[in-house]
Amino acid sequence: MAPGVSASILEGIDELLTVIRLGLPIELRRSLACTNIIENMMGSIRRVCRNVKRWRDASMALRWTGAAMLEAAKGFRRLKAHRQLPVLRSALAKLQPEHSGKPVLEQNAMAA
């Protein structure tokens, strides 16, 4: 096996095992295992943000990134397994108490 291939597999092994461990339906697992969605959005962000010649501050970067994400969203199609997203939500809700004593919403409210 090529070193690049094995390094790539090792890089994503935690996420792959997490998706399998959640016990998601195969169609949803296949959709989540693919990085095309993320790569598509990152390409759109690069394309839109390359017009900026001088970044003034972090808020400017956030505004441009947000605008690029809105632009990318125009080209998104529905996730093939979109009807199975409630299964993902419940699996993540079951997993959450393992990693944190308090639900995320409570943590966010306390942080604010």
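Scroll up a little and you will see the structure.
Residues numbered from 1 in each chain as written. Predicted model: local features only at pLDDT ≥ 70, side-chain atom pairs only at ≥ 80, totals over all residues. Heavy atoms only, no water.

Student: In this structure, what is going on with a nonpolar patch on the surface? I would like to understand it.
Tutor: Judged by side-chain polarity, I37, I38 and M42 come together as a nonpolar surface patch covering roughly 280 Å² of accessible area. Structurally, I37 is set in helix 3 (residues 36-49). (Patch = residues over 30% accessible without salt bridge, like charges linked within 9 Å, V, L, I, M, F, W, Y side chains within 5 Å. Areas by Shrake-Rupley, 256 points an atom, 1.4 Å probe, with all protein chains shown as cover. Salt bridge = Lys/Arg side-chain N within 4 Å of Asp/Glu carboxyl O. Helix = DSSP H or I, 4+ residues; strand = E, 2+ residues; numbered from the N terminus.)

Student: Honestly, the side chain of S31 in this entry has me stumped. Any pointers?
Tutor: Residue position: S31 is located in helix 2 (residues 26-33). Assessed through its relative accessible area of 14%, S31 is described here as buried. When neighbours within four sequence positions are excluded, S31 is seen to be in contact with L79, K80 and A81. (Buried < 20%, exposed > 50% of the residue type's maximum accessible area, 1.4 Å probe, protein only. Contact = heavy atoms within 4.5 Å.)

Student: When you look at the nonpolar core in this model, what are you seeing that I'm missing?
Tutor: Ranked by size, the top nonpolar core spans eight residues in total: V19, L22, L24, L28, A81, L88, A91 and L95. In terms of residue count, the dominant contributor to this core is helix 5 (residues 85-99) (three residues). Counting residues in hydrophobic clusters, the runner-up holds six residues, among them M41, I45, V48 and A72. (Core = buried A, V, L, I, M, F, W, Y, C linked by side-chain atoms within 4.5 Å.)

Student: Just checking my understanding: could you explain helix 4 (residues 58-73) for this structure?
Tutor: Since the α-helix advances by 3.6 residues per turn, residues separated by three or four positions end up pointing in the same direction. Taking 1.5 Å of rise per residue, 16 residues should cover 22 Å, and helix 4 covers 22 Å from first to last C-alpha, within 8% of that figure. Where helix 4 is concerned, the buried positions are M60, A68 and A72. For helix 4, the buried positions fall inside an angular range of 110° around the axis, keeping them on one side. In helix 4, the exposed positions that point more than 90 degrees away from the buried face belong to A58, L62, R63 and L70. Close packing links the buried residues of helix 4 with helix 3. (Expected span 1.5 Å × (residues − 1). Arc of directions from axis to C-beta.)

Student: Explain the environment of K80 here, please?
Tutor: Examined against the element boundaries, K80 turns out to sit in the loop between helix 4 and helix 5. The sequence separation of K80 and R30 amounts to 50 residues, and the corresponding C-alpha distance is 9.6 Å. With residues near it in sequence (within four places) discarded, K80 still touches E27 and S31.

Student: What exactly am I supposed to notice about the packing of helix 3 against helix 4 here?
Tutor: Geometrically, a packed helix pair is captured by the angle between its two axes and the distance between the axes. For the pair helix 3 and helix 4, the least separation of the axes is 8 Å and the interaxial angle reads 125°. Viewed along their axes, helix 3 and helix 4 adopt a mutual orientation that is oblique. Along this stretch, helix 3 crosses helix 4, giving a crossing that reads as right-handed. Contacts between helix 3 and helix 4 involve M41, S44, I45, R47, V48 and C49 from the former and W64, T65, A68, M69, E71 and A72 from the latter. Among the residues making up the contact of helix 3 with helix 4, the classes are represented as eight nonpolar, two polar and two charged. (Axes fitted to C-alpha atoms, helices over the stretch in contact; angles between N-to-C directions. Parallel < 35°, antiparallel > 145°, perpendicular 65-115°, else oblique. Left-handed = near helix turned anticlockwise from the far one by under 90°. Nonpolar A, V, L, I, M, F, W, Y, C, P; charged D, E, K, R; others polar.)

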